Amino acid sequence: MKQQIQFREIDGGPRFYSLLGFIGLFVLAGLAAAFYMEHNGHYVTGMTNQIVWGTPHVFAVFLIVAASGALNVASISSVFGKTPYKPLARLSGLLAIALLVGGLAVLVLDLGRPDRLIVAMTKYNFKSIFAWNIFLYTGFMVIVGVYIWMMMERRMNRFTKVSGFFAFVWRLILTTGTGSIFGFLVARQAYDSALMAPMFVIMSFSFGLAIFILVLMAACKWSNRPLGDSILYRLKNLLGVFIASVLYFVAVYHLTNLYITENHGLERFLLLDGGIYTRLFWIVQVLIGSLLPLALLYLPSTGKSRGWIGIACTLVILGGLAQMYIIIIGGQAYPLEIFPGKEVSSSFFDGIVNSYTPSLPEVVLGIGGMAIALAAVVVGIRVLRFLPASLADELVDPHYSSDKAIA
Amino acid sequence: MTDNAPTDISRRRFLGGTATTVAGMVAPGVLLHEVAQARPADEPVSSTVRWGMLIDTNKCAQGCSECVDACAREHGLTGHGRPQTDAQWIRKVDLRDKQTGYTQTLPLLCQHCEHPPCVDVCPTGASFRRADGIVLVDKHICIGCRYCMMACPYKARSFVHETLEDQLPDSPRGKGTVESCNFCVVRVDTGRTPACVEACTAENHNAMVFGDMNDPASDISRQLKQYESRQIRANLELNTGVRYRGI
Amino acid sequence: MSNVMIKSGLLTLLAIAVLWVPALVRAGDSLLPSVPEAQRRVSETQGCVEPTADMRRNHMKYILHQRDETMHEGIRTKQFSLEECIDCHVSSAPDAPRVSSDKHFCNSCHTYAAVNIDCFECHADRPLAKPGKLSMTPASPSARLQTDENPVAVPPGDDRQLATEGLNHD
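Here the structure is a predicted model, which is why all the values come from computation and not from measurement.

(A) Summary view of the overall build of chain A. Each helix and strand in chain A was counted, giving 16 helices and 1 strand. In summary, chain A has a C-alpha radius of gyration of 22 Å against a globular reference of 22 Å for 407 residues, a match within 12%. In terms of overall dimensions, chain A has a C-alpha envelope of 75 × 45 × 40 Å along the principal axes. Residues counted as buried form 57% of the 407 residues belonging to chain A. Expressed as a percentage of contacts within chain A between residues at least 6 apart in sequence, the contacts between residues at least 24 apart total 78%. Of the roughly 17100 Å² of accessible surface on chain A, a fraction of 69% belongs to carbon and sulfur atoms. Averaging the coordinates of the 28 positive side-chain charges in chain A and doing the same for the 19 negative ones gives two points 11 Å apart.

Have a look at this one:
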């Protein structure tokens, strides 16, 4: 008879506190960077009147997109009924909330007037997708919180499926809203597209799962809890499917733009002579961030090795950050097409590719956001029962037989 | 029908109707006359007026930046030696046709669209369109997210990247908020024209005309009706308040 | 330590604290803020556009209400206009206190009450120099952007009058 999976808090002790302290340093640095930016004004950053959203937004949008994707594992168990994923659902919910909090922290701290957050939460223009996103993000935290409660409270377990379903639908709407931030903009050629929203949904699947796998492997390893191959291989195979799906959307995006004559300038810029953006696209996003992880995850020689799986996940994250950088900053670097067919020049940098250099405060703030998310996860698994005591094959795998163990 | 009473009533009705008709013919003239003067300070703006600008690029001189200088003076747009982050509410744009080599120059400013994308995307409603057509930023509720800057098809908006001092009383502006041309709203509300238009006229270039596009008798309406004019990025169908001749 | 000892110890500490507060106040300071006088009065009997006691309590409401009316409806009545307040309450002399000091009219009370004011992030904290008596040389027309060292003077053609009329409630 199969044993029940137990959940247990991780132990405290010096290892816990030194890890938390290490992450805390990055959080403090991020807060210091935010204060420096707010006190002096944004002229100390690399963001300008031409590139208005910079590195903080790259990190923030990445974290927010990954947050909704991190909930995927829980959704697979609750909504699609796949029992091997059930033990991971709680951690998945925790990670989702933590990543969202981290992303939102970066976004809010980068505002020109972060002291006016109350204004943002009380005055709404409901034609703005940003306004809707405020509700979607806070609602997500509440709904996932309720979902986790349903999973943790034995008497509420019968509501897990329904709350999981709500959470699943909500996070699809949330990611659609995040992608629509860009998709709704007619002004810039890189954005004005209905493809943005579904592409962000698929990106969330990929980035969220990559982060989840890394967090799971690290949490189990450092708390000495067994993590069976069965569940790990399921996760990494799924990640491969998501990476390939993202490649598909990227391909459709560029192929469509290549067909449309007025977007040829943009495509030439992104794919050919955009300098850093072109290099980031081909080398980091496509090669290192998509094709290489696909190979690592599926080749028999590397796909069964934990080390290589971890490396593949890290590469996916790097590729994801590069993709966000290209979308957000590359999309602004390419000049607005205000006078088609004309060479344009002015004192306000019209008609030329806008330059941008990430500044230290921006990067530190972005990393600070990631640190906030990780700190929240570390504290969460310490104080509440998010992490299963064991994910060994005999507990997780429904088809496990002791014959395999002997072989 | 042979009674006197019905005939009397019908005569009264006729006189009443004539009076009403005459009043109706005269009243619009009276109303228009009132609109053409400065609106009283305690009266709210209304959509009976729509402020607009017509720029004749044929009269716009190469190398002239009177409108830009006047705007900077009027609003205290101090430069900090950092062109990438210094605010510009209006700028001269030089164009050269890639195929024909034809060159021209024109001032580009906030177009005060009827359907502004910046207003659509602002999460707090700080970017808004006043009833009389002027698109403004309510800097009291602007949180500095810069989404409107992403959304503007004309790159008309600027973000204040540093602490400001010595702002002009008629042009409050501060760090961390977004700003753009507001048609010199304080001047317009007190019966004057924007500083750029005034400067262009003072230099006798007369390339810029400002007025009420809803008033058929105004200078701008007559010119718009008589000469061909176009909107920049007209395909976006934003129905801009700023129109151009010669593009 | 018994209960009685703890209680009496605390009471002693409290008494010391209460008696020391006046001692901590520097000699020559009063406990109330010293609010600078305005440049003008509305009338013989009334200093400000509303009675002083009313203004002390409610000026923020008037300002906030006015700002929304001005911003969204273009109503520019002078009674509660922030510009008019500053015109009257703050001097335009170059050596007059700016809002960063607690001798500025607004901050004299606000530092005392420990309430941050946001207005002067954007709004001018002192009036322009009086027309006809420019304290700074006018900017040359060809200068495109003024630098911090050479702030702009009154724009040419600006003929606003000082806010002496229109202060009465109409």
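(B) The sheet that holds strand β1 (residues 342-346) of chain A, seen in detail. With respect to topology, 3 strands assemble into an open sheet ordered β1(A)-β2(B)-β3(B), the strand pairing being antiparallel. Strand pairing shows two members of the sheet lacking a second neighbour, β1 of chain A together with β3 (103-109) of chain B, which therefore form its edges. Strand-to-strand twist of the sheet, defined as the mean angle between neighbouring strand axes without regard to direction, takes the value 30°. Pairing geometry for β1(A) and strand β2 (residues 90-97) of chain B, over 5 bridges, is antiparallel. The residue of β2(B) that forms the bridge with Glu343(A) is Arg96(B).

(C) A look at the interface of chain A and chain B. Taken together, the 52 residues of chain A in the interface contact 53 residues of chain B. Carbon and sulfur atoms supply 56% of the area that chain A and chain B bury against each other, a total of about 4700 Å² over both sides. Run the count over chain A and chain B and you get 39 residue pairs in polar contact (both at pLDDT 80 or more). Residues of the side of chain A that touches chain B, tallied by class, amount to 23 nonpolar, 18 polar and 11 charged.

(D) Focus on a nonpolar patch on the surface. All names here are of chain A. A contiguous nonpolar surface patch, about 380 Å² in accessible area, is contributed by Phe22, Leu25, Phe26 and Ile367. Sorting elements by how many residues they give to the nonpolar patch places helix α1 (residues 14-40) first, with 3 residues. Along the chain, Leu25 turns up in helix α1. Of the residues examined, Leu25 reaches a relative accessible area of 55% and is grouped as exposed.

(E) Seen up close, the pattern of salt bridges. The final tally for this structure, using the stated rule, is 28 salt bridges over all chains. In this structure, Asp56(B) engages Arg245(B) in a salt bridge whose closest nitrogen and oxygen atoms are separated by 3.7 Å. Of the two residues, Asp56(B) sits in strand β1 (residues 51-56) while Arg245(B) sits in strand β9 (residues 242-245), which places them 189 residues apart along the sequence. Arg245(B) sits in the buried class, given a relative accessible area of 16%. Via salt bridges that share partners, Arg39(B), Arg130(B), Asp132(B), Asp189(B) and Arg76(C) belong to a single interconnected network.

(F) Looking closely at the nonpolar core. Counting residues in hydrophobic clusters, the biggest one holds 198 residues, and the most contacted among them are Phe182(A), Leu235(A), Met53(B) and Tyr147(B). The element that contributes the greatest number of residues to this core is helix α8 (residues 196-222) of chain A, accounting for 18 residues. In this structure Phe182(A) touches Trp53(A), Val61(A), Tyr191(A), Asp192(A), Met196(A), Phe200(A), Ile328(A), Tyr147(B) and Met150(B), once residues within four positions along its chain are discounted. Among the nonpolar cores identified, the runner-up in size contains 5 residues, and Ile86(C), Val90(C), Val99(C) and Phe120(C) belong to it.

(G) Fine view of the sheet that holds β9(B). Residues and elements named next belong to chain B. Taken together, 3 strands build an open sheet; the order of strands is β8-β1-β9 and the sheet is mixed. With partners counted over all chains shown, the strands left at the sheet margins are β8 (208-212) and β9, one partner each. Recorded for the sheet is a direction-independent mean angle of 20° between the axes of neighbouring strands. In this sheet, β9 lies alongside β1 in parallel orientation, the contact comprising 4 bridges. Within the sheet, the bridge partner assigned to Ile55 lies in β9 and is Tyr244.

(H) Spotlight on helix α13 (residues 306-333) of chain A. All names here are of chain A. With 28 residues, α13 should cover 40 Å at 1.5 Å per step; its first-to-last C-alpha distance of 39 Å lies within 8% of that length. At Ile326, α13 shows its largest bend, some 25°. Regarding α13, its N-cap is Ser305, as a side-chain oxygen of that residue lies 3.3 Å from the backbone nitrogen of Gly307 further along.

(I) Representation of the confidence of the model for chain A within the structure. When pLDDT is averaged across chain A, the result is 95; 98% of the residues are at 70 or more. Taken element by element, the predicted model of chain A shows its lowest mean pLDDT in helix α16 (residues 402-406) of chain A (54) and its highest in helix α2 (residues 55-70) of chain A (98).

(J) The packing of helix α9 (residues 229-259) of chain A against α13(A), seen in detail. All names here are of chain A. It is the contact of α9 with α13, at a shortest axis distance of 12 Å, that shows an interaxial angle of 30°. It follows from the interaxial angle that α9 and α13 lie roughly parallel. In this structure, α9 crosses over α13, and the sense of that crossing is left-handed. In this structure, α9 uses Asp229, Leu232, Tyr233, Lys236, Leu239, Ile243, Val246 and Val250 to contact α13, whose residues at the interface are Arg306, Ile309, Cys313, Val316 and Gln323. Taken together, the residues of the contact of α9 with α13 sort by class into 9 nonpolar, 1 polar and 3 charged.

(K) Up close: the packing of aromatic side chains. Per the counting criterion, the structure on display carries 24 aromatic pairs over all chains. Taking the centre distance of 5.5 Å and the plane angle of 20° together, the rings of Trp53(A) and Tyr147(B) count as stacked. In this pair, Trp53(A) is assigned in the loop between α1 and α2 and Tyr147(B) in helix α4 (residues 147-151), connecting two distinct chains. Classification of Trp53(A) by relative accessible area gives buried; the value is 3%. On the accessibility criterion, Tyr147(B) (1% relative accessible area) is buried. An aromatic cluster of at least three residues, connected via ring pairs, comprises Trp53(A), Phe130(A), Phe182(A), Tyr191(A), Phe200(A) and Tyr147(B). The ring of Phe7(A) has Arg90(A) lying over it, and the distance from NZ or CZ to the ring centre is 3.7 Å. Over the aromatic face of Tyr227(B) sits the side chain of Arg245(B), whose NZ or CZ is 3.9 Å from the ring centroid.

(L) A look at the environment of Glu262(A). Residue position: Glu262(A) is located in the loop between α9 and α10 (264-273). Glu262(A) sits 135 residues away from Asp397(A) along the chain, and the two C-alpha atoms are 53 Å apart.

(M) The environment of Cys119(C), seen in detail. All names here are of chain C. With respect to the helices and strands, the residue Cys119 is situated in the segment after α4 (105-113). The exposure class of Cys119 is partly exposed, given its relative accessible area of 28%. Sequence separation of Cys119 and Cys106 is 13 residues, and the distance between their C-alpha atoms is 10 Å.

(N) Region of interest: the state of the cysteines. Scanning all chains against the criterion turns up 0 disulfides over all chains. Cysteine Cys113(B) remains unbridged, with the sulfur of Cys110(B) as its closest cysteine sulfur at 6.5 Å. Looking at Cys113(B), the relative accessible area reads 5%, which means it is buried. Take Cys109(C): it sits in no disulfide, and the sulfur closest to it among the cysteines is that of Cys106(C), at 9.5 Å.

(O) Local environment of α10(A). Residue and element names in this part refer to chain A. If you check which residues of α10 are buried, you get Leu266, Glu267, Phe269, Leu270 and Leu271. Along the axis of α10, the buried residues cluster in a sector spanning 165°; they form a single face. Looking one or two places after α10, you find Gly275, whose phi comes out positive at around 65°.

What counts and what doesn't
Residues numbered from 1 in each chain as written. Chains lettered and ligands numbered in written order. Predicted model: local features only at pLDDT ≥ 70, side-chain atom pairs only at ≥ 80, totals over all residues. Heavy atoms only, no water. Helix = DSSP H or I, 4+ residues; strand = E, 2+ residues; numbered from the N terminus. Rg over C-alpha atoms; globule rule 2.2 N^0.38 Å. Buried < 20%, exposed > 50% of the residue type's maximum accessible area, 1.4 Å probe, protein only. Contact = heavy atoms within 4.5 Å. Areas by Shrake-Rupley, 256 points an atom, 1.4 Å probe, with all protein chains shown as cover. Lys, Arg positive; Asp, Glu negative; His and termini not counted. Charge placed at Lys NZ, Arg CZ, Asp CG, Glu CD. Pairing = 2+ DSSP bridges. Axes fitted to C-alpha atoms, helices over the stretch in contact; angles between N-to-C directions. Buried area = accessible area lost by both parts, 1.4 Å probe. Polar contact = N/O pair within 3.5 Å; in protein donor to acceptor, adjacent residues only side chain to side chain. Nonpolar A, V, L, I, M, F, W, Y, C, P; charged D, E, K, R; others polar. Patch = residues over 30% accessible without salt bridge, like charges linked within 9 Å, V, L, I, M, F, W, Y side chains within 5 Å. Salt bridge = Lys/Arg side-chain N within 4 Å of Asp/Glu carboxyl O. Core = buried A, V, L, I, M, F, W, Y, C linked by side-chain atoms within 4.5 Å. Expected span 1.5 Å × (residues − 1). Bend = angle between axes of the 7 residues up to and from the residue. pLDDT = per-residue confidence, 0-100. Parallel < 35°, antiparallel > 145°, perpendicular 65-115°, else oblique. Left-handed = near helix turned anticlockwise from the far one by under 90°. Phe/Tyr/Trp six-rings, centres within 6.5 Å; stacked < 30°, edge-to-face > 60°. Lys NZ or Arg CZ within 6 Å of the ring centre and 35° of its normal. Disulfide = S-S within 2.5 Å. Arc of directions from axis to C-beta.

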